[in-house]
Amino acid sequence: MSQHQHQLDAKVAAIVDRQRADSDDEDALIAELEEDDSLDAFREQRLQQLHAEYSRAKQMRNSEHGTYSEIQDEKALMDITTSTKLVVVHFFKPDFNRCRIMDTHLETLAPKHFDTRFLRINVDNCPFLVTKLKVQVLPCVMAWVDGLSADRIVGFEGIGYSADNFRTNELEARLLRSGVLTRAKVNEGETAPLRRAPVQQQEDSDDDWD
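Residues numbered from 1 in each chain as written. Predicted model: local features only at pLDDT ≥ 70, side-chain atom pairs only at ≥ 80, totals over all residues. Heavy atoms only, no water.

## As for the pattern of salt bridges
- Taken as a whole, this structure holds 9 salt bridges when the rule is applied.
- A salt bridge links aspartate 9 to arginine 46; the nearest nitrogen and oxygen atoms lie 3.1 Å apart. One end of the pair, aspartate 9, is in the loop between helix H1 (2-6) and helix H2 (10-18); the other, arginine 46, is in helix H4 (residues 43-62), and 37 residues separate them in sequence. As far as the burial class goes, aspartate 9 and arginine 46 line up, both buried.
- Between aspartate 115 and arginine 56 there is a salt bridge; the shortest N-O distance is 2.6 Å. Taken together, the residues aspartate 115 in the loop between helix H6 (97-109) and strand S3 (117-122) and arginine 56 in helix H4 connect sequence positions 59 residues apart.
- A single network of salt bridges, built from pairs that share partners, joins Glu53, Arg56 and Asp115. (Salt bridge = Lys/Arg side-chain N within 4 Å of Asp/Glu carboxyl O. Helix = DSSP H or I, 4+ residues; strand = E, 2+ residues; numbered from the N terminus. Buried < 20%, exposed > 50% of the residue type's maximum accessible area, 1.4 Å probe, protein only.)

## Points about the pairing of strand S5 (residues 148-154)
- Summarising the sheet, strand S4 (residues 140-145) and S5 pair through 6 bridges and their orientation is antiparallel. When the bridges of S5 are listed, methionine 142 appears paired with arginine 152.
- Connecting the antiparallel pair S4 and S5 is a turn made up of 2 residues, with aspartate 146 showing a positive phi of about 55°. (Pairing = 2+ DSSP bridges.)

## A closer look at the packing of H6 against helix H8 (residues 168-178)
- Taken N-terminus to C-terminus, the directions of H6 and H8 make an angle of 70°; their axes are 10 Å apart at the nearest point. Relative to H8, the element H6 lies roughly perpendicular. Along the contact surface, H6 presents Met102, His105, Leu106, Thr108 and Leu109, while H8 presents Thr168, Leu171, Glu172 and Leu175.
- Within the contact of H6 with H8, the residues separate by chemical class into 5 nonpolar, 3 polar and 1 charged. (Axes fitted to C-alpha atoms, helices over the stretch in contact; angles between N-to-C directions. Parallel < 35°, antiparallel > 145°, perpendicular 65-115°, else oblique. Contact = heavy atoms within 4.5 Å. Nonpolar A, V, L, I, M, F, W, Y, C, P; charged D, E, K, R; others polar.)

## A word on helix H3 (residues 26-34)
- Taken as a whole, H3 has its buried residues at Glu26, Leu29 and Leu33. Here the buried residues of H3 occupy an arc of 60° about the axis, which is enough to place them on one side. (Arc of directions from axis to C-beta.)

## Points about the confidence of the model for the protein
- When the pLDDT values of the protein are averaged, the result is 82; 78% of them are 70 or greater.
- Segment residues 1-6: pLDDT under 50, and 14 contacts once partners within four positions in sequence are set aside and those in other chains are kept.
- Low pLDDT, under 50, characterises residues 193-206; the stretch is placed with 24 contacts to residues that sit more than four places away or in other chains. (pLDDT = per-residue confidence, 0-100.)

## Some thoughts on the sheet that holds strand S2 (residues 86-92)
- As summarised here, the arrangement of the 5 strands in space is S1-S3-S2-S4-S5, forming an open sheet in which the pairing is mixed. Because the sheet does not close on itself, it has two edges, and the strands there are strand S1 (68-70) and S5. Ignoring which end each strand starts from, the neighbouring axes of this sheet average 25° apart.
- Sitting on the sheet, H6 is in contact with S1, S2, S3 and S4, with an inclination near 160° to S2.
- Helix-sheet contacts for H8 involve S2, S4 and S5, and the interaxial angle to S5 is about 155°.

Below, the structure written as structure tokens:
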């Protein structure tokens, strides 16, 4: 699946990536491609690719890809991470400000990256996984590729240039490096503004809840 994505014609990819995740108007996508002035020998190939990509995107959305969903049961979460090719999971606590900040960025990424399942689970609902995966600092975002752990983001470590500031495309770049996303889809101009976490109470400031 990811191999197909990497081979997708750049013009087709740009058109698909600009569409809303819930767009059902394939004719509009094809019209946008046909309006391009640079129609050439690849026109038919591009139309076929666009149709195939649209059909695949619709099928993926029907299986809950393209959404940012909360999972209540850790057994269900384990089933998804082992049966789905690309999965991003945010372990969170609802009263942690940094977890809410992470949520806003993941909510932006999820509809753009329909190849990947984006999930969140309250740490209170997954005591077994918290222990098994040694989740101690929140937010904790983990990436799974083909059922294997591919990356772990602890707090905001490794994204952005300071402790509390990062852009959506910086989070996307980190997840791209882990292989859990197929290609960059967030332009720098489209990213949310820099967010700074307000001063928290002491138990929240370090996001260390263990």
